[in-house]
Amino acid sequence: MLKGRIQMIKKMDHIAIIVTNMDHTIQYYSDMFGFKVRLRGSSKTREMAFLYL
């Protein structure tokens, strides 16, 4: 633990969020938290985007 500070999150890896509007969601996470798109694609049943900081 850091002296005088609590480190709540050490690492995040692979979180899936189901959304209704991929473009809007990517824009939101990019603007609010600085995420960038690593990869974006789709299959017959879903659209996917992998974001990173």
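My aim in this report is to walk through the structure given alongside it, one point at a time. (Residues numbered from 1 in each chain as written. Predicted model: local features only at pLDDT ≥ 70, side-chain atom pairs only at ≥ 80, totals over all residues. Heavy atoms only, no water.)

Further remarks concern the overall build of the protein. For the protein, the count of helices and strands is one helix and two strands. For the protein, the sequential pattern of α-helices and β-strands runs α-β-β. Taking 2.2 N^0.38 as the reference for a compact globule, 53 residues should give roughly 10 Å; the C-alpha atoms of the protein span a radius of gyration of 15 Å, well beyond that estimate. Burial statistics for the protein: of 53 residues in total, 8% are counted as buried. A total of about 5,500 Å² of accessible surface is found on the protein, and carbon and sulfur atoms cover 56% of it. Considering the protein, the positive charge centre built from 9 side chains and the negative charge centre built from 4 side chains are found 12 Å apart. (Helix = DSSP H or I, 4+ residues; strand = E, 2+ residues; numbered from the N terminus. Rg over C-alpha atoms; globule rule 2.2 N^0.38 Å. Buried < 20%, exposed > 50% of the residue type's maximum accessible area, 1.4 Å probe, protein only. Areas by Shrake-Rupley, 256 points an atom, 1.4 Å probe, with all protein chains shown as cover. Lys, Arg positive; Asp, Glu negative; His and termini not counted. Charge placed at Lys NZ, Arg CZ, Asp CG, Glu CD.)

The subject of this paragraph is the pairing of strand E1 (residues 36-42). Both E1 and strand E2 (residues 47-52) contribute to a ladder of six bridges, which runs antiparallel. The residue of E2 that forms the bridge with Lys36 is Tyr52. Between E1 and E2, which follow one another and run antiparallel, lie four residues. (Pairing = 2+ DSSP bridges.)

To continue, consider the pattern of salt bridges. For the coordinates displayed, the defined rule picks out two salt bridges. Ionic pairing is found between Arg40 and Asp23, a salt bridge with its closest N-O pair at 2.9 Å. One end of the pair, Arg40, is in strand E1; the other, Asp23, is in helix H1 (residues 22-33), and 17 residues separate them in sequence. The salt bridge partner of Glu47 is Arg40, with a shortest N-O separation of 2.6 Å. With relative accessibility at 37%, the residue Arg40 sits in the partly exposed group. In the salt-bridge network here, residues are joined through shared partners; they are Asp23, Arg40 and Glu47. (Salt bridge = Lys/Arg side-chain N within 4 Å of Asp/Glu carboxyl O.)

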